Amino acid sequence: MMNTCSKTRRQRFLCLVFLIALKAAPALCAENPQEQIARAQELLDSGKAEESLQILDRLAKKKPPNGQVFLLRSTAHFMVGDSAAGGKDLDRALEIDPSIRQAWLNRAALDLSEKRYDRALEALRNAKKLDPAATDNDLNIGAVLLLQGNLEAASSSFKVYLERDPSSPEAFYLVATNYAMAGFAGPAIQHLTRAINLDEKARLRARTDPNFRDLETNPRYQQLLNADTYQPPAGSYRQAFDVDMPYDGANGLLLRAVLDALQFSGIPFDPRVEVTDVWALIWSEMRIKVTNSAQGSGQIQFSSPANRFTPSQWKSRVENLQREITVRLAARGR
């Protein structure tokens, strides 16, 4: 009986262990480090840093240590306002795995915030070694060189960056912002001009960009913001018509009538309307400029690349808008 009982107990024990193992299997699977790292990243991306820290604190205790875990925990600490812990974890991430490029970029950003430009430059050069083809390498390095006051070296770095895509308005715009923030007005205006020539909406973007705030009293900068240098491509549709009501800025009746006509006609347009004292620009399926003619009357100018409309479509669009604008001006005039 004793042997039978012992055997039965052993069987029950083994069965119990087996059941516990089965129940634990999903939990062990859920604790897969890579899945947990991915989950922590998702929480960070959603702004839930404290929830992410709960996962990362557990992962940071595992052996061997994982550099990515400490990098993510560093970011989480910064997000909750614990800069000291964030810096400590960032250095630990690089100690564990110096091949994590993002960690070097974060290290450079932290050094920049503390005005340790030499260390920031070293971090960015380490990041460049890890991925020489990354497009932001020379832009970042140029920005730090500017802050060091090394204009010549910075300009050389920016030149390399711009040569990667010389037709990119975004690239020229970013270089312009770096020059502006470092106090180099001439190069800032030069590169912003190039960005605007490639995409005139860069001018509107610059108007509200705090990076250009120090240039607001610069006459050349103001001249750039107030100049409409756009030239329609060869063969574009172009048409203008005059109205009795003059253009009178953002709150004037003429601009309001044009916007009302577009809305009533169901024509979508960019809500970011660029307005100056002498003209306003509306970007829709056509480019619409509201201004005054040489005679002082209000004038609406339409233009569009030739491949956007057939001749009959263009004629119909312009005539319909002219009619709607005229109706609204008459109503507002009354």
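Residues numbered from 1 in each chain as written. Predicted model: local features only at pLDDT ≥ 70, side-chain atom pairs only at ≥ 80, totals over all residues. Heavy atoms only, no water.

Peer 1: Explanation requested: the overall build of the chain in the structure shown.
Peer 2: Looking only at helices and strands, the chain has 15 helices and five strands in total. Here the C-alpha radius of gyration of the chain, 31 Å, is well above what a compact globule of 334 residues would show, namely 20 Å. Taken along its principal axes, the extent of the C-alpha atoms in the chain is 115 × 55 × 35 Å. Here the chain holds 334 residues, and 40% of them are scored as buried. Here the analysis covers contacts within the chain between residues at least 6 apart in sequence; of these, 54% occur between residues at least 24 apart. Averaging the coordinates of the 43 positive side-chain charges in the chain and doing the same for the 39 negative ones gives two points 8 Å apart. (Helix = DSSP H or I, 4+ residues; strand = E, 2+ residues; numbered from the N terminus. Rg over C-alpha atoms; globule rule 2.2 N^0.38 Å. Buried < 20%, exposed > 50% of the residue type's maximum accessible area, 1.4 Å probe, protein only. Contact = heavy atoms within 4.5 Å. Lys, Arg positive; Asp, Glu negative; His and termini not counted. Charge placed at Lys NZ, Arg CZ, Asp CG, Glu CD.)

Peer 1: Explain the pairing of strand β3 (residues 279-283) here, please?
Peer 2: Look at any regular strand and the pattern is simple: side chains alternate between the two faces of the sheet. For β3, a buried count of five out of five residues is recorded, marking the element as mostly surrounded by other parts of the structure. Judged by which residues are buried, β3 turns out to be covered on both faces: Trp279, Leu281 and Trp283 on one side and Ala280 and Ile282 on the other are all buried. Of the pairings in the sheet, the one linking strand β2 (residues 274-275) to β3 comprises two bridges and is antiparallel in character. When the bridges of β3 are listed, Glu274 appears paired with Leu281. Between β2 and β3, which follow one another and run antiparallel, lie three residues. Inspection of the sheet shows β3 paired to strand β4 (residues 287-292) by five bridges, in the antiparallel sense. Looking across to β4, one finds that Trp279 is bridged to Thr291. Taken together, β3 and the strand that follows it, β4, pair antiparallel across an intervening segment of three residues. (Pairing = 2+ DSSP bridges.)

Peer 1: What's the story with the nonpolar core in this structure? I'm lost.
Peer 2: Among soluble globular proteins, nonpolar side chains are generally buried collectively. Among the nonpolar cores identified, the biggest contains 57 residues, and Leu192, Phe212 and Tyr221 are the most heavily contacted of them. Take this core: its biggest share by element is seven residues, from helix α10 (residues 169-181). Here Phe212 is in contact with Tyr173, Ala176, Thr177, Ala180, Leu192, Ala206 and Tyr221, once residues within four sequence places are set aside. (Core = buried A, V, L, I, M, F, W, Y, C linked by side-chain atoms within 4.5 Å.)

Peer 1: Looking at this model, I keep getting lost on the environment of Ile267. Mind explaining?
Peer 2: With respect to the helices and strands, Ile267 occurs in the loop between α14 (253-265) and β2. The spacing of Ile267 and Arg317 is 50 residues in sequence and 9.7 Å in space, taken between C-alpha atoms. Once you skip the residues sitting within four places of it in the chain, Ile267 turns out to touch Leu262, Ser284, Glu285 and Leu321.

Peer 1: Looking at this structure, I do not really get the side chain of Ser236. What am I missing?
Peer 2: Take Ser236: it is sitting in the loop between α13 (219-226) and β1 (237-243). At 2.7 Å, the side chain of Ser236 forms a polar contact with the backbone oxygen of Pro233. Filtering out sequence-adjacent residues up to four positions away, Ser236 remains in contact with Ser304, Pro305 and Ala306. (Polar contact = N/O pair within 3.5 Å; in protein donor to acceptor, adjacent residues only side chain to side chain.)

Peer 1: When you look at the packing of helix α4 (residues 67-79) against helix α6 (residues 101-113) in this model, what are you seeing that I'm missing?
Peer 2: The contact between α4 and α6 brings their axes to 10 Å, and the two run at 30°. Of the possible angle classes, the one that applies to α4 and α6 is roughly parallel. In this structure, the crossing between α4 and α6 has a hand that is left-handed. Facing Leu71, Thr75 and Phe78 of α4, the residues of α6 in contact are Gln102, Ala103, Asn106 and Leu110. Per-class residue counts for the contact of α4 with α6 are four nonpolar, three polar and no charged. (Axes fitted to C-alpha atoms, helices over the stretch in contact; angles between N-to-C directions. Parallel < 35°, antiparallel > 145°, perpendicular 65-115°, else oblique. Left-handed = near helix turned anticlockwise from the far one by under 90°. Nonpolar A, V, L, I, M, F, W, Y, C, P; charged D, E, K, R; others polar.)

Peer 1: I keep staring at the packing of aromatic side chains and nothing clicks. Help me out?
Peer 2: Aromatic rings considered in pairs are described by the distance between their centres and by the relative angle of their planes. Applying the stated criterion to the full structure yields six aromatic pairs. Taken together, a centroid distance of 5.2 Å and an interplanar angle of 70° make the contact between Phe158 and Tyr179 edge-to-face. Separated by 21 residues along the polypeptide, Phe158 in helix α9 (residues 151-163) and Tyr179 in helix α10 bring together distant segments of the chain. A relative accessible area of 1% places Phe158 in the buried class. The interplanar angle of 10° and the centroid separation of 6.1 Å between the aromatic rings of Phe241 and Phe302 together place this pair among those described as stacked. With Phe241 in strand β1 and Phe302 in strand β5 (residues 298-304), this pair connects stretches of sequence that are 61 residues apart. Phe302 shares its class with Phe241; the two are buried. (Phe/Tyr/Trp six-rings, centres within 6.5 Å; stacked < 30°, edge-to-face > 60°.)

Peer 1: Help me out: how do you make sense of the pattern of salt bridges in this one?
Peer 2: Oppositely charged side chains are able to pair whenever their charged atoms sit close together. One pass over the full model with this rule turns up 23 salt bridges. Close ionic contact of Arg116 with Glu114 constitutes a salt bridge, the shortest N to O distance being 2.4 Å. For Glu114, a relative accessible area of 41% gives the class partly exposed. Between Asp138 and Lys128 there is a salt bridge; the shortest N-O distance is 3.0 Å. With Asp138 in helix α8 (residues 137-147) and Lys128 in helix α7 (residues 117-130), this pair connects stretches of sequence that are 10 residues apart. (Salt bridge = Lys/Arg side-chain N within 4 Å of Asp/Glu carboxyl O.)

Read these as geometric descriptors, not functional statements.
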